[in-house]
Each structure stands twice: as C-alpha cells, then as structure tokens.
Amino acid sequence: MGELDTRHRNRLPAADFAFPQQQKLPIHDAAHVRNAIARFDQVKEVSDTERDHAWKRIVAAAKEHGVDVTRNDWREPDKPRAR
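Here's what I pulled together on the structure shown here. (Residues numbered from 1 in each chain as written. Predicted model: local features only at pLDDT ≥ 70, side-chain atom pairs only at ≥ 80, totals over all residues. Heavy atoms only, no water.)

Residue placement: H53 occurs in helix α3 (residues 48-65). Remark: the alpha-carbon pair of H53 and F17, spanning 36 residues in sequence, is separated by 11 Å. (Helix = DSSP H or I, 4+ residues; strand = E, 2+ residues; numbered from the N terminus.)

Below, the structure is given as structure tokens:
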C-alpha cells in the first residue's frame, strides 16, 4: 500500500472513504481496506451510528476488493485468522 499524499487523498471522492463526511479511512483499494479494518477502532470523534454506516461501507469495499473480513460487526473483537 502506498501512502496517500495530501494531493491524492484530496482527489478521492467521498465514496472512497469509510467515513465520507470526515474523509477518514480511505477504502479505494484492497490495501487501504485492510488498513481501515485494522485501524477502525482508533477513529475518534464519530458516533456509533456513523460507525455502523462506515463498517457497512468497509465490508462492501472488502467484498469488492477480495479482502476477507473476520468479524461481522465492528463491535465484535477481531478474530484471529486461520493459517
């Protein structure tokens, strides 16, 4: 995953973020979807309703980009991956 510089991040449409209004957690490719899942619990200053919507966006993006999601809901603890 290449790090997004400010110029490229600002060019992403709102639909490419888990939290589109705040432009938090880009989900435009598989690497960023995995990162969004890993960092989801670190997002601050969002409501539980916003988290519900963001999680649905992440799960949809994961499906689109072929990323496995190990938990069904953001409130669940992350499950270890099978090796």
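Even without being glycine, Q23 reaches a positive phi, approximately 50 degrees. Looking at where Q23 falls in the secondary structure, it is placed in the loop between β1 (17-19) and β2 (24-26). Classification of Q23 by relative accessible area gives partly exposed; the value is 30%. Here the phi dihedral of E45 falls at roughly 60 degrees; this positive angle occurs in a residue that is not glycine. Summarising the element assignment, E45 is placed in the loop between α2 (30-39) and α3. (Buried < 20%, exposed > 50% of the residue type's maximum accessible area, 1.4 Å probe, protein only.)

Now for the pattern of salt bridges. If you walk through the whole model with that rule in mind, you get three salt bridges. Measuring nitrogen to oxygen at the nearest pair gives 3.8 Å for the salt bridge that ties R71 to D41. Here R71, found in the segment after α3, pairs with D41, found in the loop between α2 and α3; they are 30 residues apart in sequence, far enough to count as distant. When its relative accessible area of 51% is taken as the criterion, D41 is described as exposed. One salt bridge in this structure joins R75 and D52, with 3.0 Å as the shortest N-O distance. Linking R75 in the segment after α3 with D52 in helix α3, this pair joins segments that are 23 residues apart in sequence. Take D52: its relative accessible area is 27%, and that puts it in the partly exposed class. (Salt bridge = Lys/Arg side-chain N within 4 Å of Asp/Glu carboxyl O.)

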